[in-house]
Amino acid sequence: QVQLVESGGGLVQTGDSLRLSCAASIHTGSTYAMAWFRQAPGKEREFVASIKRTGETTYYTNSMKGRFTISRDNAKNTMYLQINNLKPEDTAVYYCAADPTAWGTRVDSYLYWGQGTQVTVSS
């Protein structure tokens, strides 16, 4: 069983930056691909970015390119999401996910999920 714990969310203003963290309970670096999703109120959970186990390969949905940067530190069993120039439409609960075999953008591709961290961007 893999436990994922997100942190780093909060209430920020338009234009601010945040770095979200996702700490895993086990060593994920050897086998697990990881990803960030987000869910805004009243909307479906949507893919943000994913990163392969070595960290050398990343993928972003088109609308997230430029302001979002995914990274991981396997020595610390931690994944990150840097978000710059935050906008009110970025307001959502951000979730991290991990899977031993998945590499994709679908919610159902990932076996393990964190509880989420709230990001609220005021205008």
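What counts, and where the lines are drawn
- Residues numbered from 1 in each chain as written.
- Predicted model: local features only at pLDDT ≥ 70, side-chain atom pairs only at ≥ 80, totals over all residues.
- Heavy atoms only, no water.
- Buried < 20%, exposed > 50% of the residue type's maximum accessible area, 1.4 Å probe, protein only.
- Helix = DSSP H or I, 4+ residues; strand = E, 2+ residues; numbered from the N terminus.
- Pairing = 2+ DSSP bridges.
- Disulfide = S-S within 2.5 Å.
- Salt bridge = Lys/Arg side-chain N within 4 Å of Asp/Glu carboxyl O.

Draft legend 1. A look at the pairing of strand β5 (residues 46-51). Of all six residues making up β5, five are buried, and the element is well covered by its neighbours. Between strand β4 (residues 33-39) and β5, which follow one another and run antiparallel, lie six residues, and G42 among them has a positive phi close to 80 degrees. Two elements, β5 and strand β6 (residues 58-60), share three bridges in a ladder whose sense is antiparallel. Residue A49 lies in a different strand from β6, and its bridge partner there is Y60. If you look at the hairpin formed by β5 and β6, you'll find six residues sitting between the two strands, and G55 has a positive phi there, around 85 degrees.

Draft legend 2. Fine view of the environment of V121. Relative to the helices and strands, V121 is located in strand β11 (residues 117-122). Owing to a relative accessible area of 6%, V121 belongs among the buried residues under this scheme.

Draft legend 3. Just the state of the cysteines, in detail. Within the structure shown, the criterion is met by one disulfide. Put simply, C22 and C96 are joined by a disulfide, and their sulfur atoms are 2.1 Å apart. The sign of the 55 degrees torsion about the S-S bond sets the C22-C96 disulfide as right-handed. Taken as a pair, C22 in strand β3 (residues 18-24) and C96 in strand β9 (residues 92-99) lie far apart in primary sequence, 74 residues in all.

Draft legend 4. Quick look at the pattern of salt bridges. A complete count under the given rule lists four salt bridges for this structure. A salt bridge links R67 to D90; the nearest nitrogen and oxygen atoms lie 2.8 Å apart. Residue R67 is located in the loop between β6 and β7 (68-73), and its partner D90 is located in the loop between β8 (78-83) and β9; the two are separated by 23 residues in the primary sequence. D90 matches R67 in its accessibility class, with the two residues each being buried. Between D108 and R106 there is a salt bridge; the shortest N-O distance is 2.7 Å. As far as the burial class goes, D108 and R106 line up, both exposed. Look at the salt bridges and you will find they share partners, linking R38, E46, R67 and D90 into a network.

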